[in-house]
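Now for the letters of each chain:
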Amino acid sequence: MATPTNAQTMGAKALGADHIDIEAGRSQPPLMSAAMQQARAGTVQQPTARRSLTGHSVGSMSAHMNERVGSLVKDLELVTGEPGDIDLDPGESEGVALTFKDVSFSVTNKDGSEHVILAPVSGHFEPGSLVALMGPSGCGKTTLLDMLADKKTSPYKGTIHLNGRPRDRLFSRISSYIPQDDIMPAHMTVYEVVRFYMACKMEKPSGLSWASIRVYIEERLKLMGLYEVRDTKIGNETVRGISGGQRRRVSLACGLSSSAQLFFADEPTSGLSATDAESSIRYMRLLAKKFGLTFVVSIHQPRPEVAKLFDHLLLLTSNPGRVVYNGPMRDAAGACASVGYAVPDFVNPTDYMLDLVTPGIKTGHPEDFAKYYEEHSQAQVEALVASELENERQSALELVSEQLRHVSEDWGTLPPVRNSVYGVRFRRQLALVFQRQLLLSLRDPLGIGMEIGVALGQSIVIGVAYIDVSSKANFSQALFFFMMVMTVALVGMKVMPKLIDERLVVKKETSEALYSDWAYILSFSVINTIIGLIGNGIFVVLVFWMSNAGWELLPEMMFWLTMLCLVMDSVYTLVAAIAKDSTSAMMLALPFLTLFLVYNGFTIREDQLPNFMTWLMCLSPVAYTMEAVMMGAAQAQPDVFQVICDTMGYKHEEGLALGFLIGAWVLFRVASVVCFKRLNNIRR
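Report on the accompanying structure. Model, not experiment: these values are computed from the prediction.

1. Observations regarding helix H25 (residues 654-678)
Since the α-helix advances by 3.6 residues per turn, residues separated by three or four positions end up pointing in the same direction. Taking 1.5 Å per residue, 25 residues should reach 36 Å; H25 reaches 36 Å between its end C-alpha atoms and fits that length. Where H25 terminates, the next one or two residues include Asn 680, which has phi positive at roughly 55°.

Written as structure tokens, this is what we have:
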């Protein structure tokens, strides 16, 4: 590696004017393109007119789509990491600049002292930049990324502006966060996941057919190396699907398929091969340069070919997290030499720099770098930040409006722009989520198939045990009704693991403002209720057929068991909304089961309880159901069941029972909605 000259070494500050290549220390032209320099100076030229295709045929739209995708494929081959390798498309919007000042995070220890995770950090990223956040473990790079992306749920300090304006409610509309965890529905295919994400972020233009959109998505998947597995399920520990590296790329493809202009990616190359990691970052650079998008990426020890693709590097040290370098990536090697630690020949520069800024190891010298940054670069950064905080550019609403105008010109009419955090209207959200929930219920073994299978199995077990029960003693017939009531009360427990498994996916997607919580709550409630009622109906009819219990009793039995099914389904949904996992859900369900099943009004009567315990019988939906079923049977066959009703002390209180069951259903359903929205949210 060539040794920088003294002038280069002295000028290699974090934001210096001499641009030294990270690999070879060569002098380079300035980082910013002419368009970016104009933006900084406030003299951006008006964009050239875009070719409008409104009113053209679907065929011409598809041809234009293929042309756009083909242009991406060709331009991807031109990505080198050198300045000016990719030109900004004519007519693209000004883009998004991100500016932050004194952003910091700390936690309070048990003794009341403050532990600093990340010391105050300031910086500015221009539109069209590909930014790397690097540092050793514990330096706070993910914490910084979460704060910049507005995903940090814990309190933090500092100022973060978008285009010189404070972040507003539309920030989620123009930004996209790609988490490190690949959280997606296991039974959806790669294509379906990406298509759902895209459909939730923007309304479909009138001029585009779904066939054209599929072609567009598939071409994008080719760029991500996912085309061959486009129709393969995502999978998980129990469902066979794509590999871990492919899931990582699907997460990246989902984020990049949105209409966002600012992207945050938490270690997107983790778990990828070196080739796949380079391909992913190359694709990011292409989008950044071609469309003026801004990418902020936390990454750990990229190889030289990957590091060269980044425009800007923000390097942190740990204990506590502090900035040791904040400037162009190609100046980083020169900055190391300026501190006194020149990058040796044939050494990965990023590995070498991370070793230098890692505390507690033999090769680490983080204090030297922190001191050099404070003395030579920090003032320049703070001056730039102060200037950009006052440099107001387009607001989030203006950016969204301009983007939709461009889409409308190219692909057809769109609904009017709404000042909403969501990209599509609620009825569209509801339709998309409902369709997906229905599809998952059909594919998931815990869905419709399990419901019908369980209903058939229970019918056979109880039906065989009570074959021809109508010819047996009246108490045996009453015991038959009791077993049916208890079975219906217990069978709803199977909803808990399903809801808990889906909850993490929903929380992740709603945090990205793909859709409202209510879209999922309504979809899940309707589909799950219908599936539960289908299973309940199959169970009751088959058991009556096998047991020959008397068809005149079926309507009364069906009605009350349906009401009990609805109530217990709401109870188990509430438990699943509260519990953190399936194990804790079973523990939380025990008090409800103890109350409802023990105080059932059949094995234990109200007159058998102490006076101070009789109120528990009034809280059991099982007791109300059992009483109503037996009174209905006594009304249909008084010679068989009236004596049992008299013995058990049952009364004609069907109105009270119906009111209680409806009230309990509403109460538990509302409580489950509140708990689902407020509890078990993603904490960062």
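2. Details of the environment of Glu 627
Mapped onto the elements of the fold, Glu 627 is located in helix H23 (residues 621-636). Note on Glu 627: relative accessible area 12%, which makes it buried. Each C-alpha atom, one on Glu 627 and one on Cys 645, is 8.2 Å from the other, the two residues being 18 residues apart in sequence. Discounting residues that sit within four places of it in the chain, Glu 627 has contacts with Gly 649, Tyr 650, Lys 651 and Glu 653.

3. Focus on the nonpolar core
In this structure, Phe 264, Phe 295 and Phe 481 are the most contacted members of the largest nonpolar core, which totals 199 residues. Looking at this core, the element that brings in the most residues is helix H21 (residues 554-578), giving 16 residues. Setting aside residues no more than four positions away along its own chain, Phe 264 makes contact with Leu 98, Leu 145, Leu 148, Ala 149, Phe 171, Ser 175, Ser 176, Tyr 177, Ile 178 and Val 296.

4. A word on the pairing of strand E9 (residues 262-266)
Burial analysis of E9 places five of its five residues in the buried class, the great majority of the element. Neither face of E9 is open: one carries Leu 262, Phe 264 and Asp 266, the other Phe 263 and Ala 265, and all of them are buried. Sheet topology note: the strand E8 (residues 175-178)/E9 ladder contains four bridges and is parallel. Along E9, the bridge assignment pairs Ser 176 with Phe 263. Bridge count for E9 against strand E10 (residues 294-298) is five bridges, and the pairing is parallel. Looking at the pairing, Leu 262 lines up with Thr 294 of E10. Following the backbone out of E9, through helix H9 (residues 274-291) and into the adjacent parallel E10, one traces a crossover that is right-handed.

5. Some thoughts on helix H19 (residues 495-511)
Under the 1.5 Å per step criterion, the end-to-end length of H19 is 24 Å for 17 residues, consistent within 8% with the ideal 24 Å. In H19, a bend of some 30° at Arg 503 exceeds every other bend along the element. With 13 of 17 residues buried, H19 is to be regarded as a mostly interior element. One or two positions beyond H19, positive phi appears at Ala 513, with a value near 60°.

6. Some remarks on the sheet that holds E10
Read across the sheet, six strands follow the order E8-E9-E10-E5-E11-E12 without closing on themselves; strand pairing throughout is mixed. A single partner strand is all that each edge strand has here, and the edge strands are E8 and strand E12 (322-328). If you compare each strand with its neighbour and ignore which way they point, the axes differ by 15° on average. Here strand E11 (residues 312-317) runs beside E12; their pairing, made up of six bridges, is antiparallel.

7. What to know about the sheet that holds strand E6 (residues 157-162)
Pairing is antiparallel in the open sheet, where four strands are placed in the order E4-E3-E6-E7. For this open sheet the edge positions go to strand E4 (114-125) and strand E7 (165-166), each flanked by a neighbour on one side alone. With two bridges connecting them, E6 and E7 associate as antiparallel partners. Paired with His 161 across the two strands is Pro 166, which belongs to E7. Along the sheet, helix H14 (residues 378-389) makes contact with strand E3 (98-108), E4 and E6, crossing E4 at roughly 65°.

8. Topic: the pattern of salt bridges
Summed over all chains, the structure comprises 30 salt bridges. Residue Glu 192 pairs with Arg 443 through a salt bridge whose shortest N-O separation is 2.7 Å. Separated by 251 residues along the polypeptide, Glu 192 in helix H6 (residues 190-201) and Arg 443 in helix H16 (residues 426-443) bring together distant segments of the chain. One salt bridge in this structure joins Glu 509 and Arg 436, with 2.7 Å as the shortest N-O distance. Note that Glu 509 is positioned in helix H19 and Arg 436 in helix H16, a separation of 73 residues in sequence. Here Glu 509 and Arg 436 have matching classes, each one buried.

9. Some details on the environment of Ser 104
Summarising the element assignment, Ser 104 is placed in strand E3. A relative accessible area of 13% places Ser 104 in the buried class. Between the alpha carbons of Ser 104 and Val 622 there is a distance of 55 Å; along the sequence they are 518 residues apart. In contact with Ser 104, other than residues within four places in its own chain, are Leu 118, Ala 119, Pro 120, Met 147, Tyr 156 and Lys 157.

10. Here's the deal with the packing of aromatic side chains
Summed over all chains, the structure comprises 18 aromatic pairs. A ring pair is formed by Phe 480 and Phe 481, whose centres lie 5.5 Å apart and whose planes are at 50°; its orientation type is tilted. Each member of the pair, Phe 480 as well as Phe 481, is classed as buried. We note Lys 204 situated over the ring of Trp 210; from NZ or CZ to the ring centre the distance is 5.6 Å.

11. What to know about unusual backbone geometry
Cis peptide bonds are those with omega within 30 degrees of zero, and the linkage from Asn 319 to Pro 320 qualifies with -5°. Structurally, the position occupied by Pro 320 is in the loop between E11 and E12. One non-glycine residue, Asp 468, lies in positive phi territory at about 55°. Tracing the backbone shows Asp 468 in the loop between helix H17 (448-465) and helix H18 (474-491). What makes Asp 468 partly exposed here is its relative accessible area of 32%. One non-glycine residue, Asn 548, adopts positive backbone phi at about 55°.

About the cut-offs
Starting afresh in each chain, residues are numbered from 1 along the sequence in its written order. A pLDDT threshold of at least 70 governs which residues receive local features in this predicted model, and a stricter bar of 80 or more applies before side-chain atom pairs are shown or counted, although totals over entire chains, interfaces and linings include all residues. Hydrogens and water are ignored here; the side-chain numbers use all heavy atoms of the structure. Each helix corresponds to a stretch of at least 4 residues labelled H or I by DSSP, and each strand to a stretch of at least 2 residues labelled E; elements are numbered beginning at the N terminus. For a helix, the expected span equals 1.5 Å multiplied by the number of residues minus one. Each residue's exposure class comes from its accessible area (1.4 Å probe, protein chains only) as a fraction of the maximum for that residue type: buried when under 20%, exposed when over 50%, partly exposed otherwise. Should any heavy atoms of two residues lie within 4.5 Å, those residues are counted as being in contact. The nonpolar core is taken to be a set of buried Ala, Val, Leu, Ile, Met, Phe, Trp, Tyr and Cys residues, with the residues joined through side-chain atoms within 4.5 Å. Two strands are said to pair when DSSP picks up at least two bridges between them. Convention used here: a crossover is right-handed provided that the path from the first strand, over the helix, to the second strand proceeds clockwise when the strands point away from the viewer. For a residue, the bend is simply the angle between two axes, fitted respectively to the seven-residue segment ending there and the seven-residue segment starting there. Axes, fitted as lines to C-alpha atoms, cover a helix only where it is in contact. Angles between the N-to-C directions of the axes lie from 0 to 180 degrees. When a carboxyl oxygen of Asp or Glu lies within 4 Å of a side-chain nitrogen of Lys or Arg, that pair is called a salt bridge. Pairing of aromatic side chains here covers Phe, Tyr and the six-membered ring of Trp, requires ring centres within 6.5 Å, and sorts the geometry by plane angle: under 30 degrees stacked, over 60 edge-to-face, intermediate tilted. Whether a charge lies above a ring is judged from NZ of Lys or CZ of Arg, which has to be within 6 Å of the ring centre and within 35 degrees of the ring normal.

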